[in-house]
Amino acid sequence: ASDVPRTARIAHDRAKQPTHRDRACGQHREWTVTQPQQPPLGVILTGGRATRLRPLSEDMPKSLIPLLNRPLIAYSMELLASAGLREIVVVVGPSDDRTGPAAIEAAPPGVTVTVAVQHEPKGSGDAMTSVGDALDGRHVVVAAVDTILRGDLRPHVDAFMRSGCDAWFVLH
């Protein structure tokens, strides 16, 4: 049982398994698990075609659709910042040149924002690979831009940090 409710837990338990085998494209590779030394990284996924939000999304990216007179990206930035995350990577699609500047503008004080481009949209997992080396040696908290939550996320992030997992995808 997890003390991180309603989340997708990704990865492995470091305390039980010091090495792992990963099967990728029919090949085996071994990697050693190390305890992350850097502060956790927040990642906001903003891609997707937003077909369920049409006609609102016809002329703007989903991340810029206003909710209570603020773009969705502002809520995602606040959510992660209020949980103590000070470095956030915003993943955008190849033709989205507006979300990055909006995310930087919406960043709460003390939060560093980096924009990563997913050049060929192939889903959430592929979007994470566009973050690149920033993932190395880090715990990662992932949120979709249209995840709107109330309440304090910090206890859940703290529980995730104690869980031994590498990444946490905020679902509810």
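Participant: Sorry if this is basic, but what is going on with helix H1 (residues 72-82) here?
Facilitator: Since the α-helix advances by 3.6 residues per turn, residues separated by three or four positions end up pointing in the same direction. H1 sits mainly inside the fold: 9 of its 11 residues count as buried. Looking one or two places after H1, you find Gly84, whose phi comes out positive at around 95°.

Participant: What should I look at first to understand the side chain of Gln118 in this one?
Facilitator: For Gln118, the location among the structural elements is in the loop between strand S8 (112-117) and helix H3 (124-129). Of the polar contacts made by the side chain of Gln118, one reaches the side chain of Asp126; its length is 2.9 Å.

Participant: What should I look at first to understand helix H4 (residues 154-163) in this one?
Facilitator: Turning to H4, its buried residues are Val157, Ala159, Phe160 and Ser163. Buried residues of H4, viewed axially, fall in a sector of 160°; they line one side. A positive backbone phi angle near 90° is found at Gly164, which sits one or two residues after H4.

Participant: Teacher, can you tell me more about the pattern of salt bridges here?
Facilitator: It is possible for side chains of opposite charge to pair when their charged atoms get near one another. Counted according to the given criterion, the structure contains 3 salt bridges. The closest approach of N and O atoms between Lys62 and Asp146, which form a salt bridge, is 3.6 Å. With Lys62 in the loop between strand S4 (41-45) and strand S5 (66-67) and Asp146 in the loop between strand S9 (140-144) and H4, this residue pair connects regions lying 84 residues apart in the sequence. A relative accessible area of 14% places Lys62 in the buried class. The partner of Glu87 in a salt bridge is Arg138, and the shortest N-O contact between them spans 2.8 Å. Residue Glu87 is located in strand S7 (residues 87-92), and its partner Arg138 is located in the loop between H3 and S9; the two are separated by 51 residues in the primary sequence.

Participant: Hey, could you run me through the packing of H1 against helix H2 (residues 99-106) in this one?
Facilitator: For any two helices packed against each other, one specifies the crossing angle of their axes together with the interaxial distance. In contact at an axis separation of 9 Å, H1 and H2 are set at 50° when each is read in the N-to-C sense. Comparing their axes, H2 and H1 come out oblique. Of the two possible hands of crossing, H1 and H2 adopt the one that is right-handed. Judged by residue contacts, Ile73, Ala74 and Met77 of H1 engage Thr99, Ala102, Ala103 and Ala106 from H2. Classifying every residue of the contact of H1 with H2 gives 6 nonpolar, 1 polar and no charged.

Participant: What should I look at first to understand the environment of Leu72 in this one?
Facilitator: Locating Leu72 in the fold gives a position in helix H1. For Leu72 and Ala103, which are 31 residues apart along the polypeptide, the C-alpha to C-alpha distance reads 9.7 Å. Other than its neighbours up to four places away in sequence, Leu72 contacts Lys62, Ser63, Ile65, Leu67, Val145, Asp146 and Ile148.

Participant: Sorry, what's going on with a nonpolar patch on the surface here?
Facilitator: Together, Leu67, Leu68 and Ile148 make up an exposed nonpolar region whose accessible area comes to about 290 Å². Inspection of the secondary structure puts Leu67 in strand S5. Residue classification places Leu67 among the partly exposed residues on the basis of a relative accessible area of 34%.

Participant: I would appreciate a short explanation of the pairing of S8 in the present structure.
Facilitator: Regular strands show a simple pattern: their side chains alternate between the two faces of the sheet. Pairing geometry for S7 and S8, over 6 bridges, is parallel. Paired with Val91 across the strands is Ala116, a residue of S8. Taken together, S7, H2 and S8 form a β-α-β motif whose crossover is right-handed.

Cut-off values and rules
- Residues numbered from 1 in each chain as written.
- Predicted model: local features only at pLDDT ≥ 70, side-chain atom pairs only at ≥ 80, totals over all residues.
- Heavy atoms only, no water.
- Buried < 20%, exposed > 50% of the residue type's maximum accessible area, 1.4 Å probe, protein only.
- Helix = DSSP H or I, 4+ residues; strand = E, 2+ residues; numbered from the N terminus.
- Polar contact = N/O pair within 3.5 Å; in protein donor to acceptor, adjacent residues only side chain to side chain.
- Arc of directions from axis to C-beta.
- Salt bridge = Lys/Arg side-chain N within 4 Å of Asp/Glu carboxyl O.
- Axes fitted to C-alpha atoms, helices over the stretch in contact; angles between N-to-C directions.
- Parallel < 35°, antiparallel > 145°, perpendicular 65-115°, else oblique.
- Left-handed = near helix turned anticlockwise from the far one by under 90°.
- Contact = heavy atoms within 4.5 Å.
- Nonpolar A, V, L, I, M, F, W, Y, C, P; charged D, E, K, R; others polar.
- Patch = residues over 30% accessible without salt bridge, like charges linked within 9 Å, V, L, I, M, F, W, Y side chains within 5 Å.
- Areas by Shrake-Rupley, 256 points an atom, 1.4 Å probe, with all protein chains shown as cover.
- Pairing = 2+ DSSP bridges.
- Right-handed = clockwise from strand over helix to strand, strands pointing away.

Any functional reading would require information beyond the geometric quantities listed.
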